[in-house]
Amino acid sequence: MIAVVAVALAVVVLARGGWGSAAEAKRPDREWCTPGTPRTALCPNNKAFDAKEYATHGDAFECGNFATQADAQAVLRADPSDPNHLDDGSGVACRELPEPRDIKPVTSTATCDPDDVRSARCPQPERAFDARYFLRYGNDAYDCPDFASQADAQAVLRFSPADPNHLDGDGKGIACPDLPGPKDVKPVRR
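My aim in this report is to walk through the structure given alongside it, one point at a time. Keep in mind that this is a model prediction, so the values were computed, not measured. (Residues numbered from 1 in each chain as written. Predicted model: local features only at pLDDT ≥ 70, side-chain atom pairs only at ≥ 80, totals over all residues. Heavy atoms only, no water.)

## Brief notes about the state of the cysteines
Line of reasoning, step 1. Evaluated as defined, the whole model comprises two disulfides.
Line of reasoning, step 2. The partner cysteine of Cys63 in its disulfide is Cys94, sulfur to sulfur 2.0 Å. Residues Cys63 and Cys94 are joined by a disulfide whose S-S torsion is about -85 degrees; by sign, that bridge is left-handed. Taken together, the residues Cys63 in the loop between helix H3 (51–55) and helix H4 (69–78) and Cys94 in the loop between H4 and helix H5 (150–159) connect sequence positions 31 residues apart.
Line of reasoning, step 3. The exposure class assigned to Cys63 is buried, which follows from its relative accessible area of 15%.
Line of reasoning, step 4. Under the relative-accessibility criterion, Cys94 is labelled buried at 2%.
Line of reasoning, step 5. Disulfide partner of Cys144: Cys176, at an S-S distance of 2.0 Å. Residues Cys144 and Cys176 are joined by a disulfide whose S-S torsion is about -85 degrees; by sign, that bridge is left-handed. Linking Cys144 in the loop between H4 and H5 with Cys176 in the segment after H5, this pair joins segments that are 32 residues apart in sequence. (Disulfide = S-S within 2.5 Å. Helix = DSSP H or I, 4+ residues; strand = E, 2+ residues; numbered from the N terminus. Buried < 20%, exposed > 50% of the residue type's maximum accessible area, 1.4 Å probe, protein only.)

## Focus on the pattern of salt bridges
Line of reasoning, step 1. Evaluation of the coordinates by the stated rule reveals four salt bridges.
Line of reasoning, step 2. The salt bridge partner of Arg77 is Asp102, with a shortest N-O separation of 2.9 Å. A residue pair is termed long-range when its members are at least 10 positions apart, and Arg77 in helix H4 and Asp102 in the loop between H4 and H5 qualify at 25 residues. (Salt bridge = Lys/Arg side-chain N within 4 Å of Asp/Glu carboxyl O.)

## Some details on the nonpolar core
If you look at soluble globular proteins, the nonpolar side chains tend to sit buried side by side.
Line of reasoning, step 1. In this structure, Phe129, Phe134, Tyr142, Phe147, Ala153, Val156 and Leu167 are the most contacted members of the largest nonpolar core, which totals 16 residues.
Line of reasoning, step 2. In this view, Tyr142 contacts Asp88, Ser90, Arg95, Tyr133, Phe134, Arg136, Tyr137, Phe147, Asn165 and Leu167; residues no more than four positions away in its chain are not counted.
Line of reasoning, step 3. Core analysis: the second largest hydrophobic core is formed by 14 residues, Phe49, Cys63, Val75 and Leu76 among them. (Core = buried A, V, L, I, M, F, W, Y, C linked by side-chain atoms within 4.5 Å. Contact = heavy atoms within 4.5 Å.)

## Points about empty space enclosed by the protein
Any space left empty among the atoms is revealed by the rolling of a water-sized probe across them.
Line of reasoning, step 1. In the structure shown here, the tally under the stated rule is one cavity of 30 Å³ or more.
Line of reasoning, step 2. Reported here for the largest cavity is a volume of approximately 30 Å³.
Line of reasoning, step 3. Of the residues assigned to the lining of the largest cavity, the class counts are five nonpolar, one polar and two charged. (1 Å grid on protein atoms, 1.4 Å probe; cavity = no way out; pocket = protein on both sides within 12 Å on 5 of 7 lines; lining within 4 Å. Points joined across faces, edges and corners; volume = space filled by probe spheres on them. Nonpolar A, V, L, I, M, F, W, Y, C, P; charged D, E, K, R; others polar.)

## Regarding H5
Line of reasoning, step 1. Taking burial as the measure, the 10 residues of H5 include seven buried ones, the bulk of the element.
Line of reasoning, step 2. Of all the residues in H5, the buried ones are Gln150, Ala151, Asp152, Ala153, Gln154, Val156 and Leu157.

## Some words on the packing of aromatic side chains
Line of reasoning, step 1. In this structure the tally under the stated criterion is five aromatic pairs.
Line of reasoning, step 2. For the ring pair Tyr133 and Tyr142, a centre distance of 6.2 Å and an interplane angle of 40 degrees mean the geometry is tilted. Take Tyr133 and Tyr142: they sit in the same class, and that class is buried.
Line of reasoning, step 3. Measuring from ring centre to ring centre gives 4.9 Å for Phe134 and Tyr142, while their planes differ by 70 degrees; the resulting arrangement is edge-to-face.
Line of reasoning, step 4. Classification of Phe134 by relative accessible area gives buried; the value is 0%.
Line of reasoning, step 5. Residue Tyr142 is classed as buried on the basis of its relative accessible area, which comes to 0%. (Phe/Tyr/Trp six-rings, centres within 6.5 Å; stacked < 30°, edge-to-face > 60°.)

See the structure below:
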């Protein structure tokens, strides 16, 4: 009996175009993705993305509303005060979203809060640097421009010599050598 049901299910799935991937890609946007609907996570292939639509509504959107990281970053660029709270403090929005990506930091119009992490956006030399913050999103979440100094990037490489952020591009044990000082150029053993 179970075998008959499984065979019947497989026939229905194949008759409708397969298990997904190619069949899903050929299918048009869902019925709620009408012409004029902005591109979102629900309607990823729909029309041109207009960041201003998302920037003018205040705290109405979150990362899950965007189809790509670049879309979320465009909204952050449209309103650097970040009313949607898309930025993690580094000037880059929604790092966990898929490509295409735009990870060039946006300079905020707001001043840094005392509890903000030291970064290129909030250099805060008087605040202690915590390398763990720059490892919290996993692999390749931060790039050299996210750091206030070469020494900060080197601290992250020292904390995690496996270099999940790919800060040591040439493998010589020195992270982001082109960043400004202070510098820490003692190589990390990799």
